[in-house]
Amino acid sequence: MSGSSAALQPPADAVPPVRHPDAPAPGELLGAHYERCFGCGPGQPHGLRLEARAGEGVSLTAEFTVRPAHQGAPGLAHGGVLATALDETLGSLNWLLRTIAVTGRLETDFVRPVPVGTTLYLEAEITAVAGRKIYSTAVGRIGGPGGPVAVRADALFVEVKIDHFIDHGREAEIQAAMNDPDQIRRARAFEVNP
């Protein structure tokens with residue numbers, strides 16, 4: 001993204017990201033990180049239900065279809081919904097590092113309107129890592145991977161420990177996630193967003 005702020009430029013000592021050896025294989029569907037997540041969870045009736053697939057290296061693709069519940073102006077996706085889709089996509093990248101991280105900064109460019117009924121195709125990649133900071137970028141296209149660009153974003157995620165969620169989340173939901181016998185779902189429940 002050409003206009004991103006200095007806060008989203010990796011420092012000189014940043015290193016290239018390294019995909020975790022246990023990360024999902026390229027092409028593998030990542031699935032929801034949490035049942036009730038507005039971005040990817042199937043348990044949210046008006047959520048985006050965004051589906052992400054692992055790509056090569058530290059990249060992924062994702063898509064969601066803009067439904068009537070997602071509109072702002074008549075017949076068009078709400079900008080906040082589009083920003084949420086970008087945030088969810090960028091946050092999902094951290095699973096390729098097997099790192100728990102939260103959004104520290106997200107800058108979005110809205111290039112063109114996205115009509116209701118449109119499927120938005122997103123591509124994202126981690127560009128650098130500097131200590132606890134993870135730098136990433138994404139682009140969303142209308143109608144397919146080669147379609148016109150509708151949105152772009154750059155983001156900074158910050159690695160946190162699970163205590164971040166335990167200290168700030170609602171106890172009932174935290175306990176339900178912690179008690180999940182599926183170790184992967186349990187770990188993924190705490191992977192993105194503050």
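All of the points below concern the structure found in this document.

About the criteria used
- Residues numbered from 1 in each chain as written.
- Predicted model: local features only at pLDDT ≥ 70, side-chain atom pairs only at ≥ 80, totals over all residues.
- Heavy atoms only, no water.
- Helix = DSSP H or I, 4+ residues; strand = E, 2+ residues; numbered from the N terminus.
- Polar contact = N/O pair within 3.5 Å; in protein donor to acceptor, adjacent residues only side chain to side chain.
- Expected span 1.5 Å × (residues − 1).
- Buried < 20%, exposed > 50% of the residue type's maximum accessible area, 1.4 Å probe, protein only.
- Pairing = 2+ DSSP bridges.
- Axes fitted to C-alpha atoms, helices over the stretch in contact; angles between N-to-C directions.
- Contact = heavy atoms within 4.5 Å.
- Phe/Tyr/Trp six-rings, centres within 6.5 Å; stacked < 30°, edge-to-face > 60°.
- Lys NZ or Arg CZ within 6 Å of the ring centre and 35° of its normal.
- Disulfide = S-S within 2.5 Å.
- Core = buried A, V, L, I, M, F, W, Y, C linked by side-chain atoms within 4.5 Å.

Inspection of the secondary structure assignment puts Thr99 in the loop between helix 2 (94-97) and strand 3 (101-110). Among the polar contacts made by the side chain of Thr99, one reaches the main-chain carbonyl oxygen of Leu97 at a distance of 3.4 Å.

Once that is clear, we can look at helix 1 (residues 79-92). In this model, helix 1 (14 residues) spans 20 Å end to end at C-alpha, consistent with the 20 Å of a helix rising 1.5 Å per residue. With 11 of 14 residues buried, helix 1 lies mostly within the body of the structure.

The subject of this paragraph is the sheet that holds strand 5 (residues 133-142). Strands sit in the order 1-2-4-5-6-3 across an open sheet of 6 strands; the sheet is antiparallel. The open sheet has two edge strands with one neighbour each: strand 1 (51-54) and strand 3. For this sheet the average axis-to-axis angle between neighbouring strands, irrespective of direction, equals 20°. Alignment of strand 2 (residues 59-65) against strand 4 (residues 119-130), held across 7 bridges, turns out to be antiparallel.

Here we come to the environment of Gly55. Relative to the elements of secondary structure, Gly55 occurs in the loop between strand 1 and strand 2. Measuring from C-alpha to C-alpha, the distance between Gly55 and Pro24 comes to 8.9 Å, with 31 residues separating the pair along the chain. Sequence-distant contacts of Gly55, defined by excluding residues within four places in its chain, comprise Arg19, Pro26 and Leu60.

This part is about the environment of Ile126. Secondary-structure assignment places Ile126 in strand 4. On a C-alpha basis, the gap between Ile126 and Leu156 in space is 9.7 Å, while along the polypeptide they are 30 residues apart. Discounting residues that sit within four places of it in the chain, Ile126 has contacts with Pro17, Val58, Leu93, Asn94, Leu97, Ile134, Tyr135 and Ser136.

Any aromatic ring pair is given by two values, namely how distant the centres are and how the planes are angled relative to each other. The full count for this structure, using the stated rule, is 0 aromatic pairs. For the cation-ring pair, Arg98 lies above Trp95, with the distance from its terminal atom to the ring centre recorded as 4.3 Å.

Time to look at the pairing of strand 5. On any regular strand, side chains alternate: one points to one face of the sheet, the next to the other face. Within strand 5, 7 of the 10 residues are buried, which leaves the element mostly enclosed by the surrounding structure. Across 10 bridges, the pairing between strand 4 and strand 5 is antiparallel. Along strand 5, the bridge assignment pairs Tyr121 with Arg141. Between strand 4 and strand 5, which follow one another and run antiparallel, lie 2 residues, and Gly131 among them has a positive phi close to 65°. Alignment of strand 5 against strand 6 (residues 149-159), held across 9 bridges, turns out to be antiparallel. What sits directly across from Arg141, in strand 6, is Val149. Counting the residues between successive antiparallel strands, the hairpin from strand 5 to strand 6 contains 6 residues, one of them, Gly143, with a positive phi of roughly 80°.

The subject of this paragraph is the state of the cysteines. Using the criterion set out here, one finds 0 disulfides in the structure. With no disulfide of its own, Cys37 lies 3.9 Å from the sulfur of Cys40, the closest cysteine sulfur. On the basis of relative accessible area, Cys37 is assigned to the buried category, the value being 10%.

This part covers the nonpolar core. Membership of the largest hydrophobic core comes to 36 residues, with the highest contact counts inside it found for Phe64, Leu90, Val114 and Leu120. Elements supplying a minimum of two residues to this core: strand 1, strand 2, helix 1, helix 2, strand 4, strand 5 and strand 6. Judged by nonpolar contacts, the second largest core, of 5 residues, contains Leu8, Ala128, Tyr135 and Leu156.

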